[in-house]
Amino acid sequence: MSAYVQSLLGILISAIISENFILVKFYGICPFMGVSKKTDTALGMGMAVTFVMGIASAACWAVDNLILIPLGLEYMQTVAFILVIAALVQVVEMFLKKFVPALYQALGIYLPLITTNCAVLGVALVNAQNGYDFLQSVVYGVTGGLGFTLAIVLFASVRERTDKSDCPKSFEGFPLALIAAGLLAMAFMGFSGLKIF
Amino acid sequence: MNLKQQFKEGLLTKNPVLVQLLGMCSTMAITTSLFNGIGMGLSVTIILICSNVLISALRKVIPNQIRIAAYIVIIAGFVTIVDLCLQAFLPDLSESLGVFIPLIVVNCIILGRAEAFASKNGVVASALDGLFQGIGYTVALIIMCVVREFLGSGTFGGGILNGGEGIRILPEGVPAMLMVMPVGGFLTLGCLIAGAQWLVKYLDKKEKAKEAAK
Amino acid sequence: MKKESTFAYVLRLTVTLLLITAITAGALAWINSITEDRIAAEKARKTAEALSAVLPGGGEEVDIPAVDVGVPVNRLYKGENGYAVEVAPSGFGGTITMMVGVDLEGNILGVSVVSHTETAGLGAVAGDKTSKGEAFRGQYVGQSGELAVSKDGGVIDSISGATITSRAVTDGVNAALALVANMG
């Protein structure tokens, strides 16, 4: 197996498990807390984020390597990336509405929330920082999204139960959810440093 | 709106992190040393004031349909300015906060205040709102930092005091490393929000009792 | 009539957004022109500091031989008693840029971190100028061959709670050793 394929596998493992976007790196906490009351909506959000993160990684890579770096405008990365992502989310929304209405029905309501999801901007910035090539960027984007999905679905199923449990009044709702997330993060800590190659 | 009311809202009753539950990514990710917390808090406060002022000044010029896009561009601009200035003048801080500086762009506090306050109010009020919300955010970060640093590393003031090592309070080996790891972020913020909810309710009750007594 | 007004409206939207973006870009270009030199100077200062820390007497920058050592190599310096290699392994929070000094026999003279984005209190210890940081980096001095952290059966004790960072630093050191071994 070539070193390149190994590097892709390494990215995959670390993005999904050992450096999980939410539970280890803290990207995308807002949707993680906001859209995790039910398992099926959590799954929908996860899929939407994965979709956008994959496309955004590709688009931001192109903007960065074909426009910004040749022109020496690296300092415009943040502005350019967020604009690309905002435009992309709009386009994806319109495209799905028109051509894939079934998918739009499933993901549509989550799409506007994704522009301000720091997982998406985060993945674009980390790609640029680590100097990933096109394929590595896309793999990192998609698998980062899958890691996000894994965490949010696991968390939603925990939350469905904690919401019905008895606890001190001040801890009701959000604080209890955060503590449950903390326990989940502890479980993921077991994977830290996992290395398969 | 009076000053005292706005101040109280920013600090406690409408604290961006503890009550409005905004901007939690950075709150948990970077609060492992006091230096980080103060640096992040100040950066966000400066950006928040600047973007609030500009957005409020332009609120009648920007058409409604494209307002979110315009806000994002303005905010991203200020964030990049702060990022470049930190890299040039405070390289240690910039290094230590890393990718979370550019990620301020998508920190919901800033876009949230632009949409909820600056787009409807005057320049001065918006500036003050930015200042007080920023202070509220900074205070929440500092509390997180102090608690996590104390329990996790057993020190106070890491990154600033005592040549960067911080002042040791607990002896080596006693502190639970866990608290500076991601887990600690979730647990500390959970307890902190619970505390804030309790305090808000308590103050509310006291206020009502006072009114009833009148 | 209605069509025209819609057109005018869309035009107004486009022009407003374009103006805001253009002004932002202009402001950034201006700020960048002010800070650019300072940022570059700051980076150069850090690199020079790291170089003199790992290669006493400093060295001249030379061409990097085209060998794949598994980790990106930024620069290579040749000094009187050895080489200094600037490598950039990926740590927990992103790239760790570090300088490794290696003497002519292939023993490590020193390790110094130029820049990193690791978590404060955990991985960041690798680059800290504190006693803990010095102790961690000090472990590498005098070592040679292929190194590994204790979790992987090696001799390097990881920074507690930061296996990924410790591994990355070790990877960087190994790459530097491999490169210098290749120089003969």
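Cut-offs applied
- Residues numbered from 1 in each chain as written.
- Chains lettered and ligands numbered in written order.
- Predicted model: local features only at pLDDT ≥ 70, side-chain atom pairs only at ≥ 80, totals over all residues.
- Heavy atoms only, no water.
- Helix = DSSP H or I, 4+ residues; strand = E, 2+ residues; numbered from the N terminus.
- Rg over C-alpha atoms; globule rule 2.2 N^0.38 Å.
- Buried < 20%, exposed > 50% of the residue type's maximum accessible area, 1.4 Å probe, protein only.
- Contact = heavy atoms within 4.5 Å.
- Areas by Shrake-Rupley, 256 points an atom, 1.4 Å probe, with all protein chains shown as cover.
- Lys, Arg positive; Asp, Glu negative; His and termini not counted.
- Charge placed at Lys NZ, Arg CZ, Asp CG, Glu CD.
- Buried area = accessible area lost by both parts, 1.4 Å probe.
- Salt bridge = Lys/Arg side-chain N within 4 Å of Asp/Glu carboxyl O.
- Polar contact = N/O pair within 3.5 Å; in protein donor to acceptor, adjacent residues only side chain to side chain.
- Nonpolar A, V, L, I, M, F, W, Y, C, P; charged D, E, K, R; others polar.
- Pairing = 2+ DSSP bridges.
- Axes fitted to C-alpha atoms, helices over the stretch in contact; angles between N-to-C directions.
- Expected span 1.5 Å × (residues − 1).
- Core = buried A, V, L, I, M, F, W, Y, C linked by side-chain atoms within 4.5 Å.
- Phe/Tyr/Trp six-rings, centres within 6.5 Å; stacked < 30°, edge-to-face > 60°.
- Disulfide = S-S within 2.5 Å.
- pLDDT = per-residue confidence, 0-100.

### Considerations on the overall build of chain C
In terms of helices and strands, chain C carries 3 helices and 5 strands. Shown N-terminal to C-terminal, the secondary structure of chain C runs as helices and strands in the order α-β-β-β-β-β-α-α. The C-alpha atoms of chain C give 23 Å as radius of gyration, which overshoots the globular expectation for 184 residues (16 Å, by more than 25%). In terms of overall dimensions, chain C has a C-alpha envelope of 85 × 35 × 30 Å along the principal axes.

### Side note on the overall build of chain A
What chain A contains, in helices and strands, is 9 helices and 0 strands. Each helix and strand of chain A, ordered N terminal to C terminal, gives the series α-α-α-α-α-α-α-α-α. Among the 197 residues that make up chain A, the fraction classed as buried is 54%. Taking as baseline every contact in chain A between residues at least 6 positions apart, the subset at least 24 positions apart corresponds to 78%. Surface summary for chain A: the accessible area is close to 8,400 Å², and the carbon and sulfur share equals 70%. Where the 10 positive side-chain charges of chain A centre and where its 10 negative ones centre are 7 Å apart.

### Looking at the interface of chain A and chain B
Each side of the interface is counted separately: chain A has 36 residues, and chain B has 35 residues. For the pair chain A and chain B, the summed buried surface comes to about 3,100 Å²; carbon and sulfur atoms form 85% of the total. Considering only the side of chain A, the residues that lose the most area to chain B are Phe26, Ser170 and Leu178 of chain A, jointly responsible for 20% of the buried surface there. The interface formed by chain A and chain B contains 0 salt bridges. Counting across the interface, chain A meets chain B through 0 residue pairs in polar contact (both at pLDDT 80 or more). Those elements that provide at least two residues to the side of chain A that touches chain B are α2 (29-34), α4 (77-99), α7 (118-130) and α9 (174-189) of chain A. Of all the elements, α9 of chain A adds the most residues to the side of chain A that touches chain B, at 9 residues. Split by residue class, the side of chain A that touches chain B holds 26 nonpolar, 7 polar and 3 charged.

### Quick word on the interface of chain A and chain C
In this complex, chain A contributes 13 residues to the contact, which on the side of chain C involves 13 residues. Carbon and sulfur atoms supply 56% of the area that chain A and chain C bury against each other, a total of about 1,100 Å² over both sides. In this assembly, chain A and chain C are joined by 0 salt bridges. Breaking the side of chain A that touches chain C down by element, the ones donating at least two residues are α4 and α7 of chain A. Residues belonging to the side of chain A that touches chain C are distributed by class as follows: 6 nonpolar, 4 polar and 3 charged.

### Quick look at the sheet that holds strand β3 (residues 82-87) of chain C
Residues and elements named next belong to chain C. Taking strand neighbours across the sheet as the criterion, the 5 strands line up as β1-β2-β3-β4-β5 in an open arrangement whose pairing is antiparallel. Strands at the two margins of the open sheet, each flanked by one partner only, are β1 (60-62) and β5 (108-115). The sheet shows a mean angle of 25° between the axes of neighbouring strands, direction not considered. Lying over the sheet, helix α3 (residues 163-183) contacts β2 (73-78), β3, β4 (97-103) and β5, oriented at roughly 45° with respect to β4.

### A closer look at α3 of chain C
For α3 of chain C, which comprises 21 residues, the first-to-last C-alpha distance of 30 Å matches the rise-based estimate of 30 Å (1.5 Å per residue) to within 8%. Taking burial as the measure, the 21 residues of α3 of chain C include 16 buried ones, the bulk of the element.

### Quick notes on the nonpolar core
Ranked by size, the top nonpolar core spans 126 residues in total, and within it Phe32 of chain A together with Phe186 of chain B carry the most contacts. The greatest single-element share of this core, amounting to 14 residues, is contributed by helix α4 (residues 67-89) of chain B. Setting aside residues up to four positions removed in sequence, Phe32 of chain A forms contacts with Ile22, Leu23, Ala151, Ile152, Phe155 and Ala181 of chain A together with Phe186 of chain B.

### Description of the pattern of salt bridges
Pairing between side chains becomes possible if they bear opposite charge and their charged atoms approach one another. If you walk through the whole model with that rule in mind, you get 14 salt bridges over all chains. The partner of Glu172 of chain A in a salt bridge is Lys169 of chain A, and the shortest N-O contact between them spans 4.0 Å. Between Asp152 of chain C and Arg167 of chain C there is a salt bridge, with its nearest N and O atoms 2.9 Å apart. Pair noted here: Asp152 of chain C is in the loop between α2 (131-138) and α3 and Arg167 of chain C is in helix α3, with a separation of 15 residues, a long-range link.

### Side note on the environment of Val147 of chain B
Within the element layout of this structure, Val147 of chain B appears in helix α7 (residues 123-152). Counting along the chain gives 45 residues from Val147 of chain B to Leu192 of chain B, while the straight-line C-alpha distance between them is 9.8 Å.

### What about unusual backbone geometry?
Although it is not a glycine, Phe26 of chain A adopts a positive phi angle of roughly 60°. Its place among the elements puts Phe26 of chain A in the loop between α1 (3-18) and α2. For Phe26 of chain A, a relative accessible area of 4% puts it in the buried group. Of note, the phi angle at Leu21 of chain B is positive, near 60°, even though the residue is not glycine. Here Leu21 of chain B lies in the loop between α1 (3-13) and α2 (24-29).

### A few points about the environment of Leu76 of chain C
Residue and element names in this part refer to chain C. Here Leu76 shows up in strand β2. Residue Leu76 is classed as buried on the basis of its relative accessible area, which comes to 0%. With 49 residues separating them in the primary sequence, Leu76 and Ala27 have C-alpha atoms 37 Å apart. Setting aside residues no more than four positions away along its own chain, Leu76 makes contact with Glu60, Glu61, Val62, Asp63, Ile64, Pro65, Tyr83, Ala84, Val85, Leu179 and Met183.

### Some remarks on the packing of aromatic side chains
Any two aromatic rings considered together are summarised by their centre-to-centre distance and by the angle between their planes. In the structure shown here, the tally under the stated rule is 11 aromatic pairs over all chains. The interplanar angle of 25° and the centroid separation of 4.5 Å between the aromatic rings of Phe32 of chain A and Phe155 of chain A together place this pair among those described as stacked. Highlighted residues: Phe32 of chain A in helix α2 and Phe155 of chain A in helix α8 (residues 134-162), separated in sequence by 123 residues. Taken individually, Phe32 of chain A and Phe155 of chain A each receive the classification buried, so the pair is uniform in this respect. When the centroid spacing of 5.3 Å and the interplanar angle of 75° are considered together, the rings of Phe7 of chain B and Phe132 of chain B count as edge-to-face. Taken together, the residues Phe7 of chain B in helix α1 and Phe132 of chain B in helix α7 connect sequence positions 125 residues apart. Residue class for Phe7 of chain B comes out partly exposed when judged on its relative accessible area of 37%.

### Considerations on the state of the cysteines
By definition, a disulfide links the sulfur atoms of two cysteine residues through a covalent bond. In this structure the tally under the stated criterion is 0 disulfides over all chains. Cys118 of chain A takes part in no disulfide bond, and the closest cysteine sulfur to it belongs to Cys25 of chain B, at a distance of 3.0 Å. The structure places no disulfide on Cys108 of chain B, whose sulfur is separated from the nearest cysteine sulfur, that of Cys30 of chain A, by 3.1 Å.

### Considering the confidence of the model for chain A
When pLDDT is averaged along chain A, the result is 86, and 96% of the positions lie at 70 or above. Averaged pLDDT values for the elements of chain A fall to 78 in helix α6 (residues 111-114) of chain A and rise to 92 in α8 of chain A.

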